[in-house]
Amino acid sequence: MRQLAYPVDSAEVAAQVAADGCAIVTGVLTPDEVATVRSALDPLLAETGTGTNSFLGRRTRRVFAVLAKTRALDDLAIHPLVLPVLDAILTHHLLSAPVVISIGPGEAAQALHRDEASYPVPRGAAGELVVNVMWALDDFTEVNGATRIIPGSHRWPDLSGARPEETVAAVMPKGSICVFLGSAVHGGGANRSAAPRLGVVMEYGAAWLRPQENLTLAVPPPVARQLPEQLQREIGYGVYPPFLGYVDGRDPIELLADTDAAASGPAPEQGDTGDR
Ligand SMILES: [Fe+2]
């Protein structure tokens, strides 16, 4: 996988991502910046349980709704290197799924998949739909669960022939990013080391993948609670299977039913971008 060194021109990163479906940029965060982010995430991880199925990872912790829980990731989400890359690939974009992911020791490799498969749009019919930026807060290695990607697979018509042997690990020192398309075939790597592997994935989507009116804001929870459940789901307080529309890792219909939901810890069963 091609590695570029920060500072680098965003156009060069975008060109590399377009060519291979993925690219690494090293040195985006300084060691001190990595340490600051990590210290903010440690208490969040401490109160987060592991996943409950093989795709989420039974030894993997995911923190959802991170922008409601810490200010430590704001600068990453709108990093000046990243935004022009998103502009070049998606034109208009929205942050779709920021997730802190800690892959624990002994975790198995995740099934290979495409993140754009969340949307039933034929490959390439509407350009790229999803771009991921994985921020390494630990060194990502061959043995500790570095994300594995098949370079060039963004051009495949389907992933029926994808084999694990074709994947390349996104090996990179902490402070690096790996940018990869939602059309690139990938999966979280197995963690065969003795320590967890911490990363933050910022998944962005094409900005048109949304309702016309932002009804979950227009009809905030106190008002939405007064609606019939079917109407609650109709305006966005529900999940399109398996997980589109989750909030803090949960079905938002549960949030309406649970007035204390905003203060409680996440139960990471519904939500997952899989980008580990
Ligand atoms: Fe994924």
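From a predicted model like this one, the values you see are computed outputs, not experimental measurements. (Residues numbered from 1 in each chain as written. Predicted model: local features only at pLDDT ≥ 70, side-chain atom pairs only at ≥ 80, totals over all residues. Heavy atoms only, no water.)

## A short note on the nonpolar core
- Val13, Leu73, Val100, Trp135, Ile177 and Met202 are the most contacted members of the largest nonpolar core, which totals 37 residues.
- Elements supplying a minimum of two residues to this core: α1 (10-20), β2 (22-26), α2 (31-46), α3 (74-77), α4 (82-90), β5 (130-136), β8 (177-181) and β10 (197-206).
- Excluding anything up to four places from it in sequence, Met202 contacts Leu73, Leu76, Ala77, Leu95, Ala97, Pro98, Val131, Asn132, Val133 and Trp135.
- Within the second largest apolar cluster, 21 residues are counted, among which are Val99, Ala136, Cys178 and Phe180. (Core = buried A, V, L, I, M, F, W, Y, C linked by side-chain atoms within 4.5 Å. Buried < 20%, exposed > 50% of the residue type's maximum accessible area, 1.4 Å probe, protein only. Helix = DSSP H or I, 4+ residues; strand = E, 2+ residues; numbered from the N terminus. Contact = heavy atoms within 4.5 Å.)

## Focus on the domain arrangement of the protein
- For the protein, the assigned domains read domain 1 (3-206) and domain 2 (215-263).
- Listed per partner, the contact involves eight residues of domain 1 and six residues of domain 2.
- At the boundary of domain 1 with domain 2, total buried surface from both sides reaches about 560 Å², with 63% on carbon and sulfur atoms.
- In this assembly, domain 1 and domain 2 are joined by one salt bridge.
- The salt bridge partner of Asp248 is Lys69, with a shortest N-O separation of 2.8 Å.
- Between the two partners, domain 1 and domain 2, sit one residue pair in polar contact (both at pLDDT 80 or more). (Domains from an automatic or database assignment. Buried area = accessible area lost by both parts, 1.4 Å probe. Salt bridge = Lys/Arg side-chain N within 4 Å of Asp/Glu carboxyl O. Polar contact = N/O pair within 3.5 Å; in protein donor to acceptor, adjacent residues only side chain to side chain.)

## Observations concerning the side chain of Asn144
- Locating Asn144 in the fold gives a position in the loop between β5 and β6 (148-149).
- A polar side-chain atom of Asn144 sits 2.7 Å from the main-chain carbonyl oxygen of Asp139.
- Beyond its immediate sequence surroundings of up to four residues, Asn144 is in contact with Asp139, Ala190, Asn191, Arg192, Ser193 and Arg197.

## Here we look at the environment of Gly238
- With respect to the helices, strands and loops of the structure, Gly238 is situated in the loop between α7 (229-234) and α8 (252-257).
- Sequence spacing of Gly238 and Ile24 is 214 residues, and the spatial spacing of their C-alpha atoms is 35 Å.
- Excluding its chain neighbours within four sequence positions, the residues that come into contact with Gly238 are Arg233, Leu244, Gly245, Asp251 and Pro252.

## A look at the layout of surface pockets
- Taken as a whole, the largest pocket spans an internal volume of roughly 1600 Å³.
- Contributions of two or more residues to the lining of the largest pocket are made by β4 (93-103), β10, α5 (215-218), α7 and α8.
- Considering every element that reaches the lining of the largest pocket, the biggest residue donor is β4, with five residues.
- Of the domains in this structure, domain 1 (3-206) and domain 2 (215-263) are the two that each give at least three residues to the lining of the largest pocket. (1 Å grid on protein atoms, 1.4 Å probe; cavity = no way out; pocket = protein on both sides within 12 Å on 5 of 7 lines; lining within 4 Å. Points joined across faces, edges and corners; volume = space filled by probe spheres on them.)

## Observations concerning unusual backbone geometry
- Put simply, Tyr6 and Pro7 share a cis peptide bond, and its omega is 0 degrees.
- Considering the arrangement of structural elements, one finds Pro7 in the loop between β1 (3-5) and α1.
- The backbone of Asp248 sits at a positive phi, close to 55 degrees, despite the residue not being glycine.
- When you line up the elements, Asp248 lands in the loop between α7 and α8.

## Some points on the environment of Pro105
- Positionally, Pro105 belongs in the loop between β4 and β5.
- A residue is classified by how much of its surface remains accessible, and Pro105, at 33% relative accessible area, is partly exposed.
- A C-alpha to C-alpha distance of 32 Å links Pro105 and Gln16, two positions 89 residues apart in sequence.
- Ignoring sequence-local partners within four residues, the contact set of Pro105 consists of Arg59, Asn191, Ser193, Ala194, Ala195 and Pro196.

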